[in-house]
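Residues per chain are reported as follows:
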Amino acid sequence: QVQLVESGGGLVQAGGSLRLSCAVSRRTFSSYAMGWFRQAPGMERQFVAAISWSGGGTSYADSVKGRFTISRDNAKNTVYLQMNSLKPEDTAVYYCAVRSGSTYSTEALSYGYWGQGTQVTVSS
């Protein structure tokens, strides 16, 4: 049984920064990879970033590479998404997700647990 609680969303101007947090509790497996996905109105959910259990392996969507950084603190069971140089097209609901095992994935279907989502709005 796994629960995820997200925080850190909000409204920022283009070029600004936000840091999203996702706290994981009651995990049923010893190790897990985590990912961030986002969904804009009228759009399908898309991959943003992922990180392995150890934190040594990461992956980013081309649209956010160089601007976003995913990290985790396993002692706190928390994953972060640092978002810099935000653009209006980054506006979306952001979701964190977890999957069992050490290896991350860019496929949403491979993640078994999801957070409730947090709104990020970037104004021009």
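Residues numbered from 1 in each chain as written. Predicted model: local features only at pLDDT ≥ 70, side-chain atom pairs only at ≥ 80, totals over all residues. Heavy atoms only, no water.

A. Spotlight on the sheet that holds strand 1 (residues 3–7). The strand order across the open sheet built from four strands is 1-3-8-7, with neighbouring strands paired in antiparallel fashion. Edge positions in the sheet fall to strand 1 and strand 7 (68–73), since each has one partner strand and no second. For this sheet, the mean angle separating the axes of adjacent strands, direction not counted, is 15 degrees. By the bridge criterion, six bridges tie strand 3 (residues 18–25) to strand 8 (residues 78–83) in an arrangement that is antiparallel. By the bridge assignment for strand 8, arginine 19 is matched with glutamine 82. (Pairing = 2+ DSSP bridges. Helix = DSSP H or I, 4+ residues; strand = E, 2+ residues; numbered from the N terminus. Axes fitted to C-alpha atoms, helices over the stretch in contact; angles between N-to-C directions.)

B. Structural view of the pairing of strand 11 (residues 118–123). Because side chains alternate across strand 11, one face comprises the buried residues Thr118, Val120 and Val122, and the other comprises Gln119, Thr121 and Ser123, none of which is buried. With four bridges joining them, strand 2 (residues 10–13) and strand 11 adopt parallel strand pairing. Looking at strand 11, one finds that glycine 10 is bridged to valine 120. (Buried < 20%, exposed > 50% of the residue type's maximum accessible area, 1.4 Å probe, protein only.)

C. Focus on the packing of aromatic side chains. Counted according to the given criterion, the structure contains five aromatic pairs. Aromatic side chains phenylalanine 37 and tryptophan 114 sit 5.0 Å apart centroid to centroid with 55 degrees between the ring planes, which places their arrangement in the tilted category. You can see phenylalanine 37 sitting in strand 4 (residues 32–39) and its partner tryptophan 114 sitting in strand 10 (residues 113–114), a full 77 residues away along the chain. Phenylalanine 37 gets classed as buried once you look at its relative accessible area, which sits at 1%. Its relative accessible area of 28% is what places tryptophan 114 among the partly exposed residues. One aromatic cluster in this structure is built from Phe37, Phe47, Tyr111 and Trp114. Against the face of tryptophan 114 rests arginine 45, its NZ or CZ located 4.9 Å from the ring centre. (Phe/Tyr/Trp six-rings, centres within 6.5 Å; stacked < 30°, edge-to-face > 60°. Lys NZ or Arg CZ within 6 Å of the ring centre and 35° of its normal.)

D. Region of interest: unusual backbone geometry. A positive phi angle, near 50 degrees, is found at asparagine 77, a position not held by glycine. One can find asparagine 77 in the loop between strand 7 and strand 8. Positive phi is not limited to glycine here, since serine 85 has a value of about 50 degrees. With respect to the helices and strands, serine 85 occurs in the loop between strand 8 and strand 9 (92–100).

E. Just the pattern of salt bridges, in detail. Under the defined criterion, the tally for this structure stands at three salt bridges. Across the pair aspartate 62 and lysine 65 runs a salt bridge, and its minimum N-O distance is 3.4 Å. Each member of the pair, aspartate 62 as well as lysine 65, is classed as exposed. A salt bridge links aspartate 90 to arginine 67; the nearest nitrogen and oxygen atoms lie 2.7 Å apart. (Salt bridge = Lys/Arg side-chain N within 4 Å of Asp/Glu carboxyl O.)

F. Just the pairing of strand 9, in detail. Looking at chain direction, strand 4 and strand 9 are connected through eight bridges and run antiparallel. Among the inter-strand pairings, alanine 33 is bridged to a residue of strand 9, identified as arginine 99. Where strand 9 meets strand 10, two bridges bridge the pair, whose relative direction is antiparallel. Each residue of the ladder has a partner; that of valine 98, found in strand 10, is tyrosine 113.

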